[in-house]
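One-letter residues, chain by chain:
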Amino acid sequence: MRIYREADYQAMSRRGADILAAQILLCPGSVLGLATGSTPVGMYQELVKENQAGKIDFSKVQTVNLDEYVGLAPGHEQSYRYFMQRNLFGHVNISLDATHVPDGLAADLAEECRRYDRLIEDMGGVDLQVLGMGHNGHIGFNEPGDFFPLDTHVADLTDSTINANARFFDSRDQVPRQALSMGIRTILRARRILLLVSGKGKADAVAAAFHGPVTPRVPASVLQLHQDVILVGDSEALSRL
Ligand code: GLP
């Protein structure tokens, strides 16, 4: 694992953007796995600037997002499709057809999960997967549990995740209780993983993920088994590493 310890959120965002930009420059047709949450927002802003300055070209890039809330329409302000549109897709030269987010409104959610896994396989797999991490060590919406969910699945959100994500909604009651999420196998199959962490609230989760045992109780700990992980964090998030 390579670790970049950056001074603050902005430096973390720039470093993450440099790594994504290098991926796109070296392989313009890359399949990027993308994440939501507040952590990657600054990195997406940097990428938008680079794209608008003509330094990177998204025209051949394809994307697959990690997850989506069940029951939120793509136009809902808190859906992850909307998030991606607002933070990245709407500002760079990427074709919408080349961007993929699970459909949280699918009538048959199990079939939607299978479709999503097939789609990723048909695209040739993910070249670079961006991840954030929940305070409880979740990645995507793979919550702590007794086993690692392998494929894309319907995840029940834990109370701690519902509480953490309530800040984006008018009230806690409005936070969806379920999401569609790539599974651990899907994530581990990515050729390279870029994990972004920021803030002292993540320090314990980072330490548990990388100093503790590999266990589904701390889903991010499974990243210890991947051969090409780049961890980019600010000094607060990495303070216990
Ligand atoms: C959500 C997302 C995760 C994200 C996590 C952390 O639950 N499903 O992909 O990593 O939140 O979010 P934040 O970056 O806002 O701390």
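Above: the structure in question.
Now for a description of the structure that goes with this document. (Residues numbered from 1 in each chain as written. Predicted model: local features only at pLDDT ≥ 70, side-chain atom pairs only at ≥ 80, totals over all residues. Heavy atoms only, no water.)

On to the layout of surface pockets, then. A volume near 600 Å³ is recorded for the largest pocket. Looking at the largest pocket, it is lined by 33 residues, and the ones nearest its centre are Thr 36, Gly 37, Ser 38, Asn 165 and Arg 167. Only β4 (67–69), α3 (80–87) and α5 (159–165) provide two or more residues apiece to the lining of the largest pocket. A per-element tally of the lining of the largest pocket places α5 first, with four residues. A per-class count over the lining of the largest pocket returns 12 nonpolar, 16 polar and five charged. Reported here for the second largest pocket is a volume of approximately 170 Å³. (1 Å grid on protein atoms, 1.4 Å probe; cavity = no way out; pocket = protein on both sides within 12 Å on 5 of 7 lines; lining within 4 Å. Points joined across faces, edges and corners; volume = space filled by probe spheres on them. Helix = DSSP H or I, 4+ residues; strand = E, 2+ residues; numbered from the N terminus. Nonpolar A, V, L, I, M, F, W, Y, C, P; charged D, E, K, R; others polar.)

The local shell around the ligand holds 13 residues, among which Ser 38, Thr 39, Asp 67, His 138 and Lys 202 are the closest. A distance of 2.8 Å separates a nitrogen atom of the ligand from a polar atom in the side chain of Asp 67. Taking Lys 202, its side chain carries an N or O atom lying 2.6 Å from an oxygen atom of the ligand. Computed on the free molecule, the ligand has an accessible area of 390 Å², of which 95% lies beneath the protein chains in the complex. When atoms are counted within 2 Å of each cavity's grid points, the one that captures over half of the ligand is the largest pocket. The residue inventory of the shell around the ligand, partitioned by class, reads three nonpolar, seven polar and three charged. (Near = heavy atom within 4 Å. Polar contact = N/O pair within 3.5 Å; in protein donor to acceptor, adjacent residues only side chain to side chain. Areas by Shrake-Rupley, 256 points an atom, 1.4 Å probe, with all protein chains shown as cover. Sits in = over half its atoms within 2 Å of the grid points.)

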